[in-house]
Amino acid sequence: MDTCPKCGGRTDYSRTYDAFFCPKCDAWLEETCEDPNCKFCAGRPLRPSLAPDR
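Keep in mind it's a predicted model, so treat the numbers as computed, not measured.

1. Points about the overall build of the protein chain
For step 1, the next point in the chain: Of the regular secondary structure elements, the protein chain holds zero helices and three strands.
For step 2, the next point in the chain: What you see in the protein chain, going N to C, is helices and strands ordered as β-β-β.
For step 3, the next point in the chain: A compact globule built from 54 residues should have a C-alpha radius of gyration of about 10 Å, and the protein chain, at 11 Å, falls within 12% of that.
For step 4, the next point in the chain: Each of the 54 residues in the protein chain was classed as buried or not, and the buried ones make up 28%.
For step 5, the next point in the chain: For the protein chain, the exposed surface amounts to about 4,000 Å²; the carbon and sulfur share of it is 47%.

2. Notes on the packing of aromatic side chains
In this description, a pair of aromatic rings is defined by centroid distance and the angle of the planes.
For step 1, the next point in the chain: Counted according to the given criterion, the structure contains three aromatic pairs.
For step 2, the next point in the chain: Geometrically, the ring pair formed by Tyr13 and Phe20 is tilted, given 5.0 Å between the ring centres and 55° between the ring planes.
For step 3, the next point in the chain: Overall, Tyr13 belongs to the partly exposed group, its relative accessible area being 33%.
For step 4, the next point in the chain: The class for Phe20 is partly exposed, based on a relative accessible area of 24%.
For step 5, the next point in the chain: Taken together, the ring pairs connect Tyr17, Phe21 and Trp28 into an aromatic cluster.

3. Topic: the sheet that holds strand β1 (residues 12-14)
For step 1, the next point in the chain: With antiparallel pairing, three strands are arranged side by side in an open sheet as β1-β2-β3. Single-partner strands in this sheet number two, and they are β1 and β3 (27-28).
For step 2, the next point in the chain: Where β1 lies against strand β2 (residues 19-22), three bridges are found, and the strand directions are antiparallel. Paired with Ser14 across the strands is Ala19, a residue of β2.

4. Some points on the state of the cysteines
For step 1, the next point in the chain: Counting across every chain of the model gives zero disulfides.
For step 2, the next point in the chain: No disulfide involves Cys33; its nearest neighbouring cysteine sulfur is the one of Cys41, lying 3.6 Å away.
For step 3, the next point in the chain: In this structure Cys38 is not part of a disulfide, and its nearest cysteine sulfur, from Cys33, lies 3.7 Å away.
For step 4, the next point in the chain: You can call Cys38 buried: its relative accessible area is 15%.

Cut-offs used in this document
Counting restarts for each chain: residues are numbered from 1 in the order of the written sequence. Note on the predicted model: pLDDT of at least 70 is required for a residue's local features to be given, and 80 or more for side-chain atom pairs to be given and counted; whole-chain, interface and lining totals, by contrast, use all residues. As a convention, hydrogens and water are excluded, and side-chain values are obtained from all of the structure's heavy atoms. Secondary structure is summarised from DSSP: a helix means a run of H or I of at least four residues, a strand means a run of E of at least two, and numbering begins at the N terminus for each. C-alpha atoms define the radius of gyration in this analysis, and the globule rule sets the expected value at 2.2 Å times the number of residues to the power 0.38. Note on classification: 1.4 Å probe, protein chains only; a residue is buried when its accessible area is under 20% of the maximum for its type, exposed when over 50%, partly exposed between these limits. Note on areas: Shrake-Rupley, 1.4 Å probe, and residue coverage restricted to the protein chains presented here. Pairs were defined over the aromatic rings of Phe, Tyr and Trp, the Trp ring being its six-membered one, requiring ring centres within 6.5 Å. Orientation was assigned from the angle between planes: stacked under 30 degrees, edge-to-face over 60, tilted for the rest. The rule for pairing is simple: two strands pair if DSSP sees at least two bridges between them. Cysteine sulfur pairs qualify as disulfides if the two atoms are within 2.5 Å.

Here is the structure:
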């Protein structure tokens with residue numbers, strides 16, 4: 001994913017959470033999965049800016 005569908009800004013990718021996000025909107029661009037034990041989704045913060053290591 002290269003551009004944010006909301007603002008058109010450049011997106012980034014978090015290897016820690018295996019998800020794309022928009023730094024400008026401070027929003028994840030992918031939903032979390034429903035597995036409570038998922039190593040990527042279970043501990044993902046609500047906003048990317050709250051992640052200690054994006």
